[in-house]
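Each chain, written out:
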Amino acid sequence: AWLHYEGQLSNKGLAKWADCFRSIICIPGERGGVLNTAIGELASGIEALTGNKPEVTDAASAVDRKRCIAAGIIGAMPLDGLAISLAEAEQLPDEGFIIRTIDNGDLCSIAIAGRSERGLMYGVFHFLRLLQTEGIGENGFNVVEQPAFRLRMLNQWDNMDGSVERGYAGRSIFYRNYELLARSPRIKDYARLLASVGINGIAINNVNVHRQETKLITERYLPDVARVADTFRAYGIRLYLSVNFAGPLELGELDTADPLDPRVQAWWKERANEVYSYVPDFGGFLVKADSENRPGPFTYGRDHADGANMLADALAPYGGIVLWRCFVYNCQQDWRDRSTDRAKAAYDHFRPLDGRFRDNVILQIKNGPMDFQVREPVSPLFGAMPNTNHMMEFQVTQEYTGQQRHVCFLVPQWKEVLDFDTRLKGEGTRVKDLAAGKVHPYTHCGVTAVSNIGDDDNWTGHHLAQSNLYGYGRLMWNPDLEAEAIAEEWTRQTFGGDAAVVETITGWLMESWGTYESYTAPLGVGWMVTPHYHYGPDVDGYEYSKWGTYHFADWKGIGVDRTQATGTGYTAQYEAENARVYENLATCPDELLLFFHHVPYIHKLHSGKTVIQHIYDTHFEGVQRVEAQLASWLSLEGKIDEERFRHVTGRAKEQLENAKLWRDVINTYFYRKSGISDEQGRTIY
Ligand code: GCW
């Protein structure tokens, strides 16, 4: 993936610093500790980049110290001669680092100083990334970095039978035949990939916790869980497990899972105690309760605070936390019932509970109110509970965005979400500030996402889908990075620095989200996908189902009226100014029009086009864009190794065919419904 390094160090300015790459001076740390991981990564990275293995030593002579890389932890490394002051360094948070080159004429050195072991490791990966992408110039480096969010997590939706829910990259790297692949080198490689982009937590099993997975917190599996935790620990990543709320019942040990029953509480305390006896720094439990038929506190007439707090109390003595998901809605809705609106559910369920959750509970809130569609507004619940810890959940796996057969680089979408101004505490209350704990003083906060990897050789099914995993980590480290800068970094590291290669792939990635949106469900209405699989078009697939995801198209118009004036009233969940923007046709942004309003096909958008003409135009354009992307990719033949070239070409051709299907199904559907012809008279069936 992006860590293959070979031969990527540009020679620009290198001569001046070349001597430094010969030795690394560092005081060694504990065996298996993050510090040693960092030094190992630094040494092997430099060897791969320069072809020379550096000497690693802690016995620095005066001369050595002036021609070396000095790496260490602030407070534990001598800083003299490194142009770093203790006062400056001490301002950094735990995971921060400084990279600074010291130029004393012909005696140059490079310092990489972390505020902690993890800080050092992030510094090392950052340093290697700089060498890979820019090379080291005459002026060297002067970098001070720290992550924006404290928790930067991933969730694996992996099952113990080896399948991966919504996985599009092969089987699980974690499980096979109901056993953990605890010694698999793949897990270590994955830990490296994640650490290199700053991920610091991972939940290794699906939030839908089935029978066997319920036993992950028992002696049956804990020894193996502990081995996996060891692998991640060496890379500074904490391990979490998804748990089954009905665990005591499912394992046949109690006849109830009522969170207020003392026997249930004792059962979870015992489980927590056992988990920590195997994994002393265990992160905590991730819980999907009362959601899509999973058990939860509602069964016992209790609410979500009762449920989450019971688990929180069990974990508290060990410093563990509960990641409690807010994806709670009625999945048995009657499509005839126009008063129920799935988009309103999370807010309605959770908002009244503000202040009732323990301090070691975090609510995990999906970025949109529905479910990871190509376009949704930002969840109004995020930030709306000032007294309850929050984290935002994104989806790296492309469930609704082409399933890693289509290119859909999601960083621009996530960036829009993070930049969204909730206005909850006046103008400028952005999601990224809330997630960073800058608005409400949350004890725990940050971001998480559903991962997109599997045991395919290229990790992600589509080779270019690696950019989403990479981009998630990079953006969550620094949400102010430009999406394009991230795309370009990834491309350079993964495919090398050839100008045409970098420009073509970066350009493709940057256009891809808009392209995907243009040939799928229009104007924020969402869905229209094949039920259950969620790949390919089926306009009415969910229209008469129980899932609460409707578009309400008839012969006159389309869209979901979520206004307070005439619709479901969903807009009222936003802060007043945002609510006003969405409520009014005149101000509602085009791209979300059909999420908030039901309008006639002849309604004029801000763009000046009618809704129906917009649908036709974007669907024809979308296919043309895929054609153009494929053509520019094909122009790279010979500049990319054959294996990856053939693989990406194959996927792009499939994307094109599928985009044509989307175009023709959507255009035909709306032409037949509305009877309105395309102004340009193009072929519609
Ligand atoms: O979108 C839905 C997915 C389910 C998933 C669920 C969730 C893990 O289709 O596969 O279940 O979201 O987020 O819990």
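On a predicted model such as this, the values are computed, not experimentally measured, just so you know. (Residues numbered from 1 in each chain as written. Predicted model: local features only at pLDDT ≥ 70, side-chain atom pairs only at ≥ 80, totals over all residues. Heavy atoms only, no water.)

### A look at the overall build of the chain
Okay, so step 1: Broken down by element type, the chain carries 19 helices and 18 strands.
Okay, so step 2: Since a compact globule built from 685 residues should have a radius of gyration of about 26 Å, the 26 Å found for the chain is in line with a globular shape.
Okay, so step 3: Projected onto its principal axes, the C-alpha positions of the chain cover 80 × 65 × 50 Å.
Okay, so step 4: Within the chain, buried positions represent 63% of all 685 residues. (Helix = DSSP H or I, 4+ residues; strand = E, 2+ residues; numbered from the N terminus. Rg over C-alpha atoms; globule rule 2.2 N^0.38 Å. Buried < 20%, exposed > 50% of the residue type's maximum accessible area, 1.4 Å probe, protein only.)

### A closer look at the side chain of D306
Okay, so step 1: Its place among the elements puts D306 in helix α9 (residues 304–315).
Okay, so step 2: At 3.2 Å, the side chain of D306 and the side chain of R356 are in polar contact.
Okay, so step 3: Setting aside chain neighbours within four positions, we find D306 in contact with P259, L260 and R356. (Polar contact = N/O pair within 3.5 Å; in protein donor to acceptor, adjacent residues only side chain to side chain. Contact = heavy atoms within 4.5 Å.)

### A look at the packing of aromatic side chains
Okay, so step 1: This structure, assessed with the given rule, holds 36 aromatic pairs.
Okay, so step 2: Ring centres 6.2 Å apart and planes at 40° place the aromatic pair F174 and Y175 in the tilted group.
Okay, so step 3: The buried category is assigned to F174, whose relative accessible area is 0%.
Okay, so step 4: Ring geometry for Y669 and F670: centres 5.0 Å apart, planes at 75°, overall edge-to-face.
Okay, so step 5: Classification of Y669 by relative accessible area gives buried; the value is 15%. (Phe/Tyr/Trp six-rings, centres within 6.5 Å; stacked < 30°, edge-to-face > 60°.)

### Describing the pattern of salt bridges
Okay, so step 1: Within this structure, the stated rule accounts for 45 salt bridges.
Okay, so step 2: A salt bridge links R405 to E654, with the shortest nitrogen-to-oxygen separation between them at 3.0 Å. You can see R405 sitting in the loop between β15 (390–395) and α11 (411–419) and its partner E654 sitting in helix α19 (residues 642–674), a full 249 residues away along the chain.
Okay, so step 3: It is possible to trace a salt-bridge network through shared partners that takes in K609, D617, D678 and R682. (Salt bridge = Lys/Arg side-chain N within 4 Å of Asp/Glu carboxyl O.)

### As for the packing of helix α6 (residues 222–233) against helix α8 (residues 262–278)
Okay, so step 1: Closest axis-to-axis distance for the α6/α8 pair is 9 Å, and the angle between their directions is 50°. Here α6 is positioned oblique relative to α8, judged by the angle of their axes. Once α6 is placed against α8, the crossing between them reads as right-handed. Touching L222, P223 and A226 of α6 are E274, V275 and Y278, all from α8.
Okay, so step 2: A per-class count over the contact of α6 with α8 returns five nonpolar, no polar and one charged. (Axes fitted to C-alpha atoms, helices over the stretch in contact; angles between N-to-C directions. Parallel < 35°, antiparallel > 145°, perpendicular 65-115°, else oblique. Left-handed = near helix turned anticlockwise from the far one by under 90°. Nonpolar A, V, L, I, M, F, W, Y, C, P; charged D, E, K, R; others polar.)

### Thoughts on the UniProt feature "domain: Glycosyl hydrolase family 67 catalytic" (unreviewed entry) in the chain
Okay, so step 1: In this numbering, the UniProt entry assigns the feature "domain: Glycosyl hydrolase family 67 catalytic" (unreviewed entry) to residues 140–459.
Okay, so step 2: End-to-end, the C-alpha atoms of residues 140–459 are 34 Å apart, and along that stretch the chain is 24% helix and 15% strand. (UniProt positions renumbered as here; feature names shortened; annotations may be inferred.)

### Examining the sheet that holds strand β13 (residues 321–325)
Note: strands within a sheet are paired through backbone hydrogen bonds, in either parallel or antiparallel orientation.
Okay, so step 1: One closed barrel holds the eight strands; their spatial order is β7-β10-β11-β12-β13-β14-β15-β16, and the pairing between them is parallel. Strand after strand, the sheet turns through a mean of 25° between neighbouring axes, direction not considered.
Okay, so step 2: Sheet topology places strand β7 (residues 151–155) next to strand β10 (residues 201–203); three bridges connect them, and they run parallel. From the neighbouring strand, N155 faces β10, where its bridge partner is A203. (Pairing = 2+ DSSP bridges.)

### Things to note about the site of the ligand
Okay, so step 1: In the neighbourhood of the ligand, 15 residues make up the surrounding shell, with E165, K288, K366, D371 and E399 lying closest.
Okay, so step 2: A distance of 2.5 Å separates an oxygen atom of the ligand from a polar side-chain atom of E165.
Okay, so step 3: With respect to the ligand, the side chain of R166 contributes an N or O atom lying 2.9 Å from an oxygen atom.
Okay, so step 4: Considered class by class, the residues forming the shell around the ligand number four nonpolar, three polar and eight charged. (Near = heavy atom within 4 Å.)

### Some words on the pairing of strand β16 (residues 445–450)
Okay, so step 1: Of all six residues that make up β16, six are buried, and the element is covered over most of its length.
Okay, so step 2: On β16, burial covers both faces: C445, V447 and A449 on one face and G446, T448 and V450 on the other are all buried.
Okay, so step 3: Here β7 pairs with β16 via three bridges, running parallel. Considered in β16, the bridge of N155 is made with V450.
Okay, so step 4: Of the strand pairs in this sheet, β15 and β16 are connected by six bridges, and their pairing is parallel. Note on β16: the bridge partner recorded for M391 is G446.

### Thoughts on the packing of helix α5 (residues 185–196) against α6
Okay, so step 1: Following both chains from N to C, one finds α5 and α6 inclined at 35°, their axes separated by 9 Å at the closest point. For α5 against α6, the interelement crossing comes out right-handed. Facing α5, whose interface residues are I187, K188, Y190, A191 and L194, α6 presents V228, T231 and F232.
Okay, so step 2: Considering only residue class, the contact of α5 with α6 consists of six nonpolar, one polar and one charged.

### Examining the environment of V225
Okay, so step 1: The topology assignment puts V225 in helix α6.
Okay, so step 2: Classification of V225 by relative accessible area gives buried; the value is 0%.
Okay, so step 3: Apart from residues no more than four positions distant in its own chain, V225 is found in contact with L180, L216, L239, L241 and V279.

### What to know about the side chain of R271
Okay, so step 1: Tracing the sequence through the fold places R271 in helix α8.
Okay, so step 2: For R271, the contacting residues outside a window of four places in its chain are I217, T218 and E253.

### Considering the environment of D306
Okay, so step 1: The class for D306 is buried, based on a relative accessible area of 19%.
Okay, so step 2: Linking D306 and Q466, residues 160 residues apart in sequence, is a C-alpha distance of 39 Å.

### Describing helix α15 (residues 499–519)
Okay, so step 1: Along its 21 residues, α15 runs 30 Å from first to last C-alpha, staying within 8% of the 30 Å computed at 1.5 Å per residue.
Okay, so step 2: Roughly 45° is the biggest bend found in α15, and it falls at S512.
Okay, so step 3: Residue D498 occupies the N-cap position of α15, its side-chain oxygen lying 3.0 Å from the main-chain nitrogen of A500. (Expected span 1.5 Å × (residues − 1). Bend = angle between axes of the 7 residues up to and from the residue.)

### Looking at unusual backbone geometry
Okay, so step 1: Even without being a glycine, R166 presents a positive backbone phi close to 55°.
Okay, so step 2: Relative to the helices and strands, R166 is located in the loop between β7 and β8 (175–176).
Okay, so step 3: A positive phi angle, near 75°, is found at W459, a position not held by glycine.
Okay, so step 4: Accessibility expressed as a relative area gives 8% for W459, which makes it buried.

### Examining the state of the cysteines
Okay, so step 1: Going through the model one piece at a time under the given rule, you end up with zero disulfides.
Okay, so step 2: With no disulfide partner, C26 has as its closest neighbouring cysteine sulfur the one in C68, 11 Å distant.
Okay, so step 3: Of the residues examined, C26 reaches a relative accessible area of 6% and is grouped as buried.
Okay, so step 4: Free cysteine C108: the closest other cysteine sulfur is in C20, separated by 5.8 Å. (Disulfide = S-S within 2.5 Å.)

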